[in-house]
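# Fold and contact review
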Protein chains: 2
Amino acid sequence: MYLAKIYVNYKQSILNPEAQAIKGAIINRLGYDEVNDLKLGKYFELTIDGVKNKDEAAKKTDEICDQLLANVNMETYKYEIEELEAAK
Amino acid sequence: MYLAKIYVNYKQSILNPEAQAIKGAIINRLGYDEVNDLKLGKYFELTIDGVKNKDEAAKKTDEICDQLLANVNMETYKYEIEELEAAK
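Please read all numbers here as calculations on a predicted model, not as lab measurements.

## Some details on the packing of helix H1 (residues 17–29) of chain A against helix H2 (residues 54–69) of chain B
Orientation of H1(A) relative to H2(B), taken along the N-to-C sense of each, is 115°, at an axis distance of 11 Å. Taken together, the axes of H1(A) and H2(B) lie roughly perpendicular to each other. Every pair of crossing elements has a handedness; the one defined by H1(A) and H2(B) is right-handed. Counting all contacts with H1(A), which are made through Ile22(A), Ala25(A), Ile26(A) and Arg29(A), the residues of H2(B) involved are Ile64(B), Leu68(B) and Leu69(B). Of the residues assigned to the contact of H1(A) with H2(B), the class counts are six nonpolar, no polar and one charged.

## Remarks on the relation of the copies chain A and chain B
The two copies are related by a screw operation: chain A maps onto chain B through 180° of rotation and 0.0 Å of translation along the axis, at an RMSD of 0.0 Å. Interpreted geometrically, this transformation is the action of a two-fold axis. It is Lys42(A) whose C-alpha, among those of chain A, lies nearest the rotation axis, at 2.4 Å. A high fraction, 100%, of the interface residues of chain A reappear at the interface in chain B, so the copies pair face to face through one surface.

## Comments concerning the environment of Leu84(A)
Residue position: Leu84(A) is located in the segment after strand E3 (75–83). Here the alpha-carbon distance between Leu84(A) and Asp49(A), two residues 35 residues apart in the chain, equals 9.7 Å.

## As for the sheet that holds strand E2 (residues 35–48) of chain B
The antiparallel open sheet is built from six strands, whose spatial order is E3(A)-E1(A)-E2(A)-E2(B)-E1(B)-E3(B). This sheet does not close on itself; its edge strands, each paired only once, are E3 of chain A together with strand E3 (75–83) of chain B. Taken over all neighbouring pairs, the strand axes of this sheet differ in orientation by 25° on average, direction set aside. Relative to E3(A), strand E1 (residues 2–10) of chain A runs antiparallel, the two sharing nine bridges. Across the sheet, residue Lys5(A) finds its bridge partner in E3(A), namely Glu80(A). Against the sheet, helix H2 (residues 54–69) of chain A contacts E1, strand E2 (35–48) and E3 of chain A together with E2 of chain B, and its axis sits at roughly 150° relative to E3(A). Taken strand by strand, helix H1 (residues 17–29) of chain B contacts E2 of chain A together with E2 of chain B, and its axis lies near 125° from that of E2(B).

About the thresholds
- Residues numbered from 1 in each chain as written.
- Chains lettered and ligands numbered in written order.
- Predicted model: local features only at pLDDT ≥ 70, side-chain atom pairs only at ≥ 80, totals over all residues.
- Heavy atoms only, no water.
- Axes fitted to C-alpha atoms, helices over the stretch in contact; angles between N-to-C directions.
- Helix = DSSP H or I, 4+ residues; strand = E, 2+ residues; numbered from the N terminus.
- Parallel < 35°, antiparallel > 145°, perpendicular 65-115°, else oblique.
- Left-handed = near helix turned anticlockwise from the far one by under 90°.
- Contact = heavy atoms within 4.5 Å.
- Nonpolar A, V, L, I, M, F, W, Y, C, P; charged D, E, K, R; others polar.
- Least-squares fit on C-alpha atoms with pLDDT ≥ 70 in both.
- Pairing = 2+ DSSP bridges.

So this is what it looks like as C-alpha cells:
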C-alpha cells in the first residue's frame, strides 16, 4: 500500500486573493510583521492499494491529479509517494 | 529567513464531505478503485524574516496557526521549518 502526499498550488502568475487576505490579517490584525509572504494551497493524502510498485502508484497519482485534483490551467502540483506496508 | 510549511487537516472524528465527494469521483467516475482513502486539507507556506533562530520561527508559526490558520476545535496542524538563507 502506498501513500501519495499531494500539494496543489496556484501558479506564480495567478493572484490568490484568499492568500493575500490571510497575509494581511496576519500582519495587520495579529501584528506579525516578520511574515513577508504566504502561499495557500490544497493538500491531499491518497491511499493507493493493489498496485505492483511505487512507479505504478506514481503514475496513478499523476493521472488523478491531471484529471481531477488540480486545474492544470491555473494550478501546479507536486507529490511524494511513501510505502506504507509491503504491497500484497 | 525561514520557510514554515504548514499542513492543516480535519480531526479524525470530523467528517469531511468534500473529501468524500472527491474520493467518490475518483473511484466511481474515473474508475481508480485502487484508491481506498483520501484526506483533504490546507497547505500554507509562510516566509518569516527578522527572527533570531529556528525556535523563534517555530514559536511564531504556532501562534499564527492557533490564532488564525487552523480552527483548533475541528482541525489539527503540523509544520516543518526550513532555513532559506542565513538569517541576517
